[in-house]
Each structure stands twice: as C-alpha cells, then as structure tokens.
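# Inside the fold
The lines below spell out each chain.
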Amino acid sequence: MKLTERIGSVLSWKETAVGLSSLGRIGEDIRRLTDDTELMKKALLVCDELLTNIVLYSGAAHMGYFCERSDGGLLIGLYDDGAEFDPTAYMPAEKDPLDFDSGGMGLRITAQSVREWIYRRADGRNLLLFTL
Amino acid sequence: MNIEKKTEGSTAVLYLNGWMDTMSAPDFAAALEALDADTKELVLDLSGLEYTSSSGIRQIIAAYKKMNGALTLKNPSAEVLDVLKMTGLTKRLHIEA
C-alpha cells in the first residue's frame, strides 16, 4: 500500500508522553521489529530528530507513534497535536555546516535518511509517516 | 554514554563510548565545560561511539568553536561518519579514520 493510502487508513497508534523519554519506548518497539542493527540505528536516529522537534518546538500536549515491518524495512508514524508543521516541506537554507548549531540539522539528517515520507494535517494533528 | 578523559600535555583526549542522543548529549557538553583552561587541542576519540544524533553533532560543533578549530575526530564508526557526511561537516572538520 502506498504511503498516500496508508496515511488515510486506520493506524494502530500508541499514545506516548510528550517528552524525550518516549524515545526509549519507541526504541524498544523498533528493536522488537528488526535485528538489522543498521536499520535499527537509522530508525532511531530519525525518531530522535523528529521527537526532539516535537518536544522542543511544537507545543504539543499529546503525541503518539506506531511502527511495523514493511517491504523489508520499517514503516513508522508519528502524530502530535502541536502547531502545524510539515517537516517534508521544510528546506533548510544552505549554510556553512558549522552554523548548524543554530538549527535545521535534524531535519536535514531526517530527509536524507528516510526512504519516503508523507505529511498530513488532520483534526488538529500533524501526521507523519515514513519508511526506512 | 560514558566519557573518559586523558591529558597529554596541552592536548585533551575525550573518549566517547556508547550512544550520544538528545538525552546524553548534555553529558558531553559538561565534559567540554570541564576542560582545563590551558587546553590547546582537543581530540575526540569516537571509536567507541556507536550512535549520534544532531544533538551530539551540535556539541561537536560547540567543541570546534570552543577550541578555535583545534579539534580532531578520531575513528568514527560508519554510522557516525554517515551522520557527519549528511551535515556536510566532513568537509569542515579534521577527521582521522
């Protein structure tokens, strides 16, 4: 199923606390799905970057995730009820890499790490699905 | 993440071991803050660093700026090197494989 269809389908979201500690819970689920260390680390990296942005910048009161095996890799979803933000449309300005401490690095890493990603805003929530 | 420090004259070597993510990157920041004032060169031995996210990379940039460029990254793993490449920092930092 294409991501465009998947994002509109019923998904088994797990609500989790809006906090960096949720990365541990998401990581446990990812580790259960794959014993491919490289894939696991890449998935955790993307989740780390996206979760950090949600926690630090979105103002969300609720967030959730799901993850499952898909096409030999992983399909992961994140939602939050914070400010509307489409990470797939964000294009960090080209700048000296040493200026990345001022922002933009996480999304740059994410965009280069995912195989495919899609965003929707629905019912006051940011929905993001991505494959690795 | 575990951080060990050794000093060789005016060169400080920090050994970063484990995972450096958003939660553990502050430990590295604290280690940078604790460097002796007369440290002239900093080496980050990354041979034991299995993973880093942008939070860790941000601290590496902070280390570079604190040391006015006198920073060497040694033996990054393939995954860590990938993240450095994605940010373009492999073109700006001195990295020894």
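Use the structure listed above.
Residues numbered from 1 in each chain as written. Chains lettered and ligands numbered in written order. Predicted model: local features only at pLDDT ≥ 70, side-chain atom pairs only at ≥ 80, totals over all residues. Heavy atoms only, no water.

### Let's talk about the overall build of chain B
Along chain B, the regular secondary structure elements total three helices and five strands. Counting from the amino terminus, chain B carries its helices and strands in the arrangement β-β-α-β-α-β-α-β. Counting only C-alpha atoms and orienting by the principal axes, one finds that chain B spans roughly 30 × 25 × 20 Å. Taking as baseline every contact in chain B between residues at least 6 positions apart, the subset at least 24 positions apart corresponds to 67%. Total accessible area computed for chain B in this model is approximately 4400 Å², and 46% of it derives from carbon and sulfur atoms. (Helix = DSSP H or I, 4+ residues; strand = E, 2+ residues; numbered from the N terminus. Contact = heavy atoms within 4.5 Å. Areas by Shrake-Rupley, 256 points an atom, 1.4 Å probe, with all protein chains shown as cover.)

### Some remarks on the sheet that holds strand 2 (residues 63-70) of chain A
Residue and element names in this part refer to chain A. The antiparallel open sheet is built from five strands, whose spatial order is 1-2-3-5-4. For this open sheet the edge positions go to strand 1 (14-16) and strand 4 (116-122), each flanked by a neighbour on one side alone. Neighbour to neighbour, the strand axes of the sheet diverge by 20 degrees on average, direction disregarded. Note that strand 1 and strand 2 share three bridges and pair antiparallel. Counterpart to Glu15 in the pairing with strand 2 is Gly64. Along the sheet face, helix 2 (residues 22-33) touches strand 1, strand 2 and strand 3 (73-80) and points at about 15 degrees away from the line of strand 2. (Pairing = 2+ DSSP bridges. Axes fitted to C-alpha atoms, helices over the stretch in contact; angles between N-to-C directions.)

### Remarks on the interface of chain B and chain A
Opposite the 22 residues of chain B that make contact, chain A presents 23 residues. In total, about 2000 Å² of surface goes out of reach between chain B and chain A, with carbon and sulfur atoms giving 64% of it. Linking chain B with chain A are two salt bridges. Our enumeration of links across chain B and chain A arrives at twelve residue pairs in polar contact (both at pLDDT 80 or more). No other element matches helix 2 (residues 54-66) of chain B, which puts six residues into the side of chain B that touches chain A. Across the side of chain B that touches chain A, the residue classes tally to ten nonpolar, six polar and six charged. (Buried area = accessible area lost by both parts, 1.4 Å probe. Salt bridge = Lys/Arg side-chain N within 4 Å of Asp/Glu carboxyl O. Polar contact = N/O pair within 3.5 Å; in protein donor to acceptor, adjacent residues only side chain to side chain. Nonpolar A, V, L, I, M, F, W, Y, C, P; charged D, E, K, R; others polar.)

### Some thoughts on the packing of aromatic side chains
On inspection of all chains with the given rule, the structure shows four aromatic pairs over all chains. Taken together, a centroid distance of 5.2 Å and an interplanar angle of 85 degrees make the contact between Trp13 of chain A and Phe66 of chain A edge-to-face. Note that Trp13 of chain A is positioned in the loop between helix 1 (3-6) and strand 1 and Phe66 of chain A in strand 2, a separation of 53 residues in sequence. Judged by its relative accessible area of 4%, Phe66 of chain A falls in the buried class. Where Trp19 of chain B meets Tyr51 of chain B, the ring centres are 4.6 Å apart and the plane angle is 20 degrees; that geometry is what we call stacked. Remark: Tyr51 of chain B occurs in strand 3 (residues 41-52) and Trp19 of chain B occurs in strand 2 (residues 11-20); sequence separation between them is 32 residues. Members of the aromatic cluster, each reached through a chain of ring pairs, are Trp13, Phe66 and Tyr79 of chain A. (Phe/Tyr/Trp six-rings, centres within 6.5 Å; stacked < 30°, edge-to-face > 60°. Buried < 20%, exposed > 50% of the residue type's maximum accessible area, 1.4 Å probe, protein only.)

### Here we look at unusual backbone geometry
Even without being a glycine, Asp71 of chain A presents a positive backbone phi close to 50 degrees. Within the secondary structure, Asp71 of chain A sits in the loop between strand 2 and strand 3.

### Focus on the pairing of strand 4 (residues 71-74) of chain B
All names here are of chain B. Judged from the four bridges that link them, strand 3 and strand 4 form a sheet pairing that is parallel. Directly across from Val43, in strand 4, lies its bridge partner Thr72. Between the parallel elements strand 3 and strand 4, the chain passes through helix 2 in a crossover that is right-handed. With three bridges joining them, strand 4 and strand 5 (residues 94-96) adopt parallel strand pairing. Considered in strand 5, the bridge of Leu73 is made with Ile95. Between the parallel pair strand 4 and strand 5, the chain is carried across by helix 3 (residues 78-87), and the sense of this crossover is right-handed. (Right-handed = clockwise from strand over helix to strand, strands pointing away.)

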